[in-house]
Amino acid sequence: ETEAAALNSGTVAFDADLFTGDPKLKDLVDKYEAKISAEEQSFLDNETEVLCEMLNNHQIEIDQNMPPEVWRYIRENKFMGMVIPKKFGGLGFSAHGHALVVEKIAGRNGAAAVSVMVPNSLGPGELLYHYGTPEQQDFYLPRLAHGIDIPCFGLTSASSGSDAASMRDQGTVVMEDGVLGMRVTFSKRYITLAPVATVVGLAFKLSDPNKLLTTGKEGITVALLPTEPNITLPQGVPGLRTGPRHNPLGVGFMNGTVQGDSVFIPMAAVIGGEERCGFGWNMLMECLGEGRGISLPAMSVATARLCCLAVGGYARVRKQFKVPIAEMEGVQEKLANIAMMTYQSVAGQALFDAVLATGEKPPVLSAIMKHECTEIGRKCANEGMDIIGGAGISRGPANFLASAYVAMPIAITVEGANALTRSLIIFGQGLNRSHPHLLQLIQSIQDGNNMPEFNKQLTNLLGHAFTNLGRSVARGLAVQVVPKGNDISGYYEAQLGRLASNFAFCSDVGLTMGGGIKTAEFISGRYADVLSNLYMGYACLWYYQKHKHVKGLDKVLDLAMADHCHKIQEALMGISSNFPIPLMGPVMRAATFPRGREYHKSSDKLTRQVSQLITTPTEVRALLTQNVFVSKDQNDRVNQISRAISLACEADGYLAACRKQKRQPTAEEAKVIGEAEELREKIIQVDAFDTLNGQNHKGEWMKATWTVDKIEAESQSATH
């Protein structure tokens, strides 16, 4: 039942086009536009800027909490109610507006970003809006919008992480003192905001052995529990315990447990009332899956953009062997990766948010976004740490990257661990949900003896397979004569068209495994890699069409698309080499890559060119670093780097000219060189502290109370 709910949740969007084997870039460009309103832009430029300036990342991590004035500002300015409609007092922001706010905050401080993110994507507000009773909506939504109530949502328990539907939390329908309700025992963990929450969304499995329900049914149910008595529950919920904190890698956001033993919960607390009993999993799949594709990717995009701005700038400012490290090929390789991955994640995010703006809620694309963007965030942080070296590993106010680096495993883990998202969800759900004929075929089987419909859908499926077999062969031949030339976008559109038909054909061949494909995680994971890179590749082409006026962006596109095509090729090769049904693997190989591998990673020349686009003041750098918060404090390290990059380029240009012309700098040149060197000297410094955590590292206990003579004497005595 939970699997059926997942398959039937949300809608299909561009993922369905990919499964047809014939997606059209023009349709994407014409249909989708990522934009925000003037009100959303104002909120980014004003309230969000003020909040970011208030955040002291280093101190928050020491205190393991945000200061009271920050909590108050977040709540009073409706950061927790961005997605709640205006009629309930919220800001009514779009998915893209919501994402950009979280993204900007995340570039400054993770704890604040998480505290804003959760109520807008993983909290009960969305559930209340779509399924709550009018009384629940009228009471709770305004309070959530204005930050009076702080929400959390209790889903994960000890036995159920990514497999949330296997929860042990149990409830039984009871009638006590004339009140219909439930006795529920639950133990939730990893619940963000739980230690400070005033209202708890709780998911549990409900049974009704005495047949007391008049509507609704047994099954996963979602209730809303205040931590203190309120109008909806004047007696409160005695026995509800929220509190003991977990410590997620020292990031400093509130995360903890929600517990209760045989707690009585009135039926009025069920979101949507009694008729919604047993429908909790459907509700969760419909509402929370969308947020997974918005907030976690936004935080990862923030890391990537920060690396472009600050790591790219640092590489230009920092010198070794008298040259900027941005000119060293080993560093350029990593810088180019950062630029490429930032472009990929920004494009994927913008397209997904644009899809949501049309009213679509595609769970398959949401899973792709969560997996791809968080992996990109992790890789960008790793590359950035390699580049800045000691400046990255020395914690303190001057360190702009270590916090994001340390926190990345959290994004990788939550909302479905990436390993399982890739191997079980993306292709498993995509094949059943997005394939043009499979779901109808399954439904004809479930209908019983509907043989005419079954035969019709089976014929359609076989026709689909042979159509894409033909496309694979024809397009595989056609792309051999398509020159790259100056039309980078057109060239890669042809390549993706070929690879999409390859994917659709191989997906149909995969159906010969029957239900076994669900547990063949090696194979399913590779199919997921193909599907994910097709989506991200088309997103890159779509984003380029919207921004092709940006000088130099074609080079970033070239690097990004070479990466996607290579990954798709390797995944398809892996599928055909390891396909468990005899002869099917060679058939797939013959239809997709009869001449062997055709796609390769980029040239060294392109890598060098792309790296320089984020280490000098270019239009590409400006585009990829949009929405990164830069403090007005001139002692702030990101502020210093932002100011230094242009100055360093100008100064190095003067120095190069002086060396070439064998002359001394002019007075004006010397001034610029001096200012650049002064700022460079500040930037390369790292934090040092007299003590750490108040511990005296040079106390009496560090003095040796033994001598060499004493040790030798004791040794000789022992031998005798």
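Now for a quick tour of the structure.

What counts, and at which threshold
- Residues numbered from 1 in each chain as written.
- Predicted model: local features only at pLDDT ≥ 70, side-chain atom pairs only at ≥ 80, totals over all residues.
- Heavy atoms only, no water.
- Helix = DSSP H or I, 4+ residues; strand = E, 2+ residues; numbered from the N terminus.
- Rg over C-alpha atoms; globule rule 2.2 N^0.38 Å.
- Buried < 20%, exposed > 50% of the residue type's maximum accessible area, 1.4 Å probe, protein only.
- Contact = heavy atoms within 4.5 Å.
- Lys, Arg positive; Asp, Glu negative; His and termini not counted.
- Charge placed at Lys NZ, Arg CZ, Asp CG, Glu CD.
- 1 Å grid on protein atoms, 1.4 Å probe; cavity = no way out; pocket = protein on both sides within 12 Å on 5 of 7 lines; lining within 4 Å.
- Points joined across faces, edges and corners; volume = space filled by probe spheres on them.
- Nonpolar A, V, L, I, M, F, W, Y, C, P; charged D, E, K, R; others polar.
- Salt bridge = Lys/Arg side-chain N within 4 Å of Asp/Glu carboxyl O.
- Core = buried A, V, L, I, M, F, W, Y, C linked by side-chain atoms within 4.5 Å.
- Pairing = 2+ DSSP bridges.
- Expected span 1.5 Å × (residues − 1).

Glancing now at the overall build of the protein chain. When helices and strands are counted, the protein chain shows 29 helices and 9 strands. Taken over C-alpha atoms, the radius of gyration comes to 29 Å for the protein chain, in line with the 27 Å a tight globule of 720 residues would show. Along the first, second and third principal axes, the C-alpha set of the protein chain runs to 90 × 80 × 70 Å. The buried share among the 720 residues of the protein chain stands at 55%. Taking as baseline every contact in the protein chain between residues at least 6 positions apart, the subset at least 24 positions apart corresponds to 77%. Looking at charge distribution, the protein chain has the averaged site of its 68 positive side-chain charges lying 5 Å from that of its 75 negative ones.

Applying the stated criterion across every chain yields a total of 2 cavities of 30 Å³ or more. Its boundaries defined by the atoms lining it, the largest cavity holds a volume of some 60 Å³. As for the largest cavity, its lining consists of Tyr314, Ala391, Ser394, Ala398, Asn399, Phe400, Arg637, Ile683, Gln685, Val686 and Asp687. When the residues that make up the lining of the largest cavity are grouped by side-chain class, the tally is 6 nonpolar, 3 polar and 2 charged.

Our next topic: the pattern of salt bridges. Considering all chains together, one arrives at 32 salt bridges under this definition. Here glutamate 33 ties to lysine 546 by a salt bridge, and the two come within 2.8 Å at their closest N and O atoms. One end of the pair, glutamate 33, is in the loop between α3 (25-31) and α4 (38-45); the other, lysine 546, is in helix α22 (residues 521-547), and 513 residues separate them in sequence. Using a relative accessible area of 23% as the deciding quantity, one classes lysine 546 as partly exposed. A salt bridge links glutamate 61 to arginine 395, with the nearest nitrogen and oxygen atoms 2.5 Å apart. Remark: arginine 395 occurs in the loop between α16 (390-393) and α17 (402-413) and glutamate 61 occurs in helix α6 (residues 57-63); sequence separation between them is 334 residues.

It is worth spelling out the nonpolar core at this point. Counting residues in each nonpolar core, the largest one holds 196 residues, and the members touching the most others are Ile105, Ile265, Tyr343, Tyr527 and Tyr535. Val199, Ala203, Trp281 and Cys287 belong to the second largest nonpolar core, which has 26 residues in total.

As a further point, take the pairing of strand β5 (residues 219-226). By the criterion of burial, β5 is predominantly enclosed, with 7 of the 8 residues buried. Summarising the sheet, strand β4 (residues 199-207) and β5 pair through 8 bridges and their orientation is antiparallel. Looking at the pairing, valine 200 lines up with leucine 225 of β5.

The end-to-end C-alpha separation of helix α23 (residues 553-578) is 38 Å, in line with the 38 Å expected for 26 residues at 1.5 Å each. α23 sits mainly inside the fold: 20 of its 26 residues count as buried.

Turning to unusual backbone geometry, a few remarks are in order. At asparagine 627, a residue that is not glycine, the phi angle is positive and equals roughly 70 degrees. Following the sequence through the fold, asparagine 627 ends up in the loop between α26 (619-624) and α27 (637-661). Although it is not a glycine, asparagine 693 adopts a positive phi angle of roughly 55 degrees. Within the secondary structure, asparagine 693 is located in the loop between α28 (667-683) and α29 (708-719).

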